[in-house]
Amino acid sequence: MKFTDYLLGRLFYSIFVLIGLSILIFVIARMLPGDPARLALGPFASGVQVAKLRHEMGMDKPIYLQYVDYIKGVLKGDMGKSFQTRRNVALDIQHFLPATLELVGISIIWVIIIGIPFGLLAGRYKDSWFDNVSRLVAFIGVAIPPFVAGLLGQLIFSYGLGILPTTGRLSLLTVPPPERTGFYLIDSLLAGNLETFWDAFVHILLPSFSVALIGIGQITRITRSSVSDVLSKDYIQFCKTLGIPNRLITFKYMLRPSFTAPLTIIGLTFASELGNAFLVEQVFGWPGMAKYGIRAILRKDFNAVMGVVMVIGLAFVIVNLIVDLVSGFIDPRIRLKESSNE
Amino acid sequence: MSSKVNGDLEQKELKVTSTKWMELKNRIGRGWFRFRKNPISLVGGGMVLLVIILAVFAPYVTPFPTHAGKVTNFEKIFQPPGKEHWFGTDEVGRDVFSRVIFGYRISLLMALVVLGISVPFGVALGLIAGYVGGIVETIIMRITDVFLSLPALVMALAIGAAFTPTIGKAMLAVSAIWWTWHCRLVHSLTRSIKTEDFVLASQICGDSPLRIIFKDILPNCASAILVKITLDAGFVILVGAGLSFLGLGVQPPKPGLGTMIAYGAAHLPTQWWLTVFPSLAIFFLIFGFNLLGDGLRDMLDVEGEGI
């Protein structure tokens, strides 16, 4: 069995997971107390009107038929109407998703450029003072809830030192860049507007760090243990006996195998950061999908909840496919093992 | 004759149990020795123990036990931290220190209830999936995959959305997803233990699957499960605080730590103590559980999925 077959298998499996997730959430959401038709029409609508709307919405059908209708709609890009915005949920998500992806994307970058080098150094110089300090910092980072990190960050850097803004994606007076991707950082660069870029960057710093903190701690620790595992392998000992310089061992023989473990964790980190975004967007008034999702949940806006959940599930599945692909490239053992397993 | 044989057998069994006891005692002794040697787990254990004691005896150790509920004291609103109110007072004049300690009660209860429901359930399913294999394994493990395709907090939010928000419902919602982690861990452990010689020996002796699962496999998963539970406790508390922060957990006037932070955030930066002290309190507890779990992991030398 080839690696491509393995990936194809993973793809089918991902689709299965998405279908399972959609059924689960659909059933839960249908258990919501309160009649969506009644909620949509308000308290003064007559019973006949409500019944009519229920019929139009297909809510008088059995639940499995409703599910089939919903999936048919989703495949056509119609995710139903949101009661809060009175728009198609697909449109809403299109509108709110880029802000969340930008936030999570930047925080994944923090996780990678901070967590991995720290972990590499800590593992390479195990039990040195650097190792001990970075372990302590990682421990502390993992124990701070994202919303606590956000609030304390605001208190120190915004209210205390006055160097970072508290809310939003841009200052009030800054005009958003012309929309191409929806990511302000990229759009402002495309428009060649460095001032807007800087403003957007300053605004995303605190939120993205709050989202990233736990992930940074986790990746640091996993990279560290991965490196120390690799370093205790026989072939590294053999290289040392051959008299190969330490620097060469580190860069040529140690680095690549050390990356597999952290890489597989990055997929999980991404998922948990999407969860963290639900808390952090609330703290920073970040106009993203998570904030939209919370409002939908609090107001029992069924279609919106369903839409948000499915988009997050989809993102999770895609990221895991990418991780599978990349780790197969980095580490041929995974390719071979998976191929021989099936 | 036959009675003599029986007597012998009984004696033998007695002996076996007594050596088992000795062994257990020795193991605990060895474990405690290694635990003492590890300063990290000692510190973590101390932190957790302190919080547990404070929470259990909350009505006796807090200066204003009534302030955990519906009390107003408008003469003393927004008092900064001082001698009388160590952590200051909130928007209706309640003592923040007392509320934080009572908040610990809810956080610990959350961890206890969620893990108490989800661990036995997850472990049982993991044992079944790992030992029985085949279609049963596929079904159970694919269901866990579906549950794990969303971040824990989001899944809990989506499930919690179906109910009116209370702390009890939040606990149920988190339990409904938490079993999957333990199911996965025990499943992978069971699969590897199943192929060991001593399991094979029991199978050859004709032991029932149930006996093999409980006598041979479960004891060998125990230390991994214990470590996972300790590490999970901090995580459950974190998710619970997150739910409360978003308004889907503890409802005021109950003193949930997440709820207090959410309400305190509205008074930043002037009344900073309303946010800072509950925040530090939550960090302290999670940090303690993490240190303890990490120390236990090193001590018991366990490895496994998700540990």
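Structure: see above.
Residues numbered from 1 in each chain as written. Chains lettered and ligands numbered in written order. Predicted model: local features only at pLDDT ≥ 70, side-chain atom pairs only at ≥ 80, totals over all residues.

Caption draft 1: Examining the overall build of chain A more closely. A count of helices and strands for chain A gives 14 helices and zero strands. Helices and strands in chain A line up, N terminus first, as α-α-α-α-α-α-α-α-α-α-α-α-α-α. With respect to the principal axes defined by its C-alpha atoms, chain A has extents near 85 × 60 × 40 Å. A separation of at least 24 residues holds for 71% of the contacts in chain A among residues at least 6 apart in sequence. (Helix = DSSP H or I, 4+ residues; strand = E, 2+ residues; numbered from the N terminus. Contact = placed C-beta atoms within 7 Å.)

Caption draft 2: Quick look at helix H9 (residues 209-245) of chain B. Residues and elements named next belong to chain B. Between its first and last C-alpha atoms H9 spans 46 Å; for 37 residues at 1.5 Å apiece the expected length is 54 Å, and the helix comes up short by more than 12%. Where H9 bends most, the angle comes to about 50 degrees, and this point is Leu 218, followed within four residues by the proline Pro 219. Just beyond H9, the residue with positive phi is Gly 247, at close to 90 degrees. (Expected span 1.5 Å × (residues − 1). Bend = angle between axes of the 7 residues up to and from the residue.)

Caption draft 3: Highlighting the interface of chain A and chain B. With 38 residues of chain A at the interface, the matching set in chain B holds 33 residues. At the level of elements, helix H1 (3-30), helix H6 (129-142), helix H7 (146-160), helix H11 (246-284), helix H12 (289-298) and helix H13 (302-330) of chain A are the ones that each hand at least two residues to the side of chain A that touches chain B. Of the residues that constitute the side of chain A that touches chain B, the class distribution is 31 nonpolar, six polar and one charged. (Nonpolar A, V, L, I, M, F, W, Y, C, P; charged D, E, K, R; others polar.)

Caption draft 4: Main features of the environment of Gly 69 of chain B. Relative to the helices and strands, Gly 69 of chain B is located in the loop between helix H3 (58-61) and helix H4 (96-132). A sequence separation of 24 residues divides Gly 69 of chain B from Gly 45 of chain B, and the C-alpha atoms of the two residues are 30 Å apart.

Caption draft 5: A look at H6 of chain A. Between its first and last C-alpha atoms H6 of chain A spans 20 Å; for 14 residues at 1.5 Å apiece the expected length is 20 Å, and the two agree. Residues of H6 of chain A that are buried: Ser 134, Arg 135, Ala 138, Gly 141 and Val 142 of chain A. Considered in projection along H6 of chain A, the buried side chains sweep an arc of 125 degrees and stay on one side of the axis. The outward face of H6 of chain A, more than 90 degrees from its buried face, is lined by the exposed residues Trp 129, Asn 132, Val 133 and Leu 136 of chain A. As for H6 of chain A, its buried residues are in contact with helix H5 (89-124) and helix H9 (194-231) of chain A together with helix H11 (273-300) of chain B. (Buried ≥ 20, exposed ≤ 12 C-beta atoms within 10 Å, placed from the backbone. Arc of directions from axis to C-beta.)

Shape is all these values report; function is a separate question.
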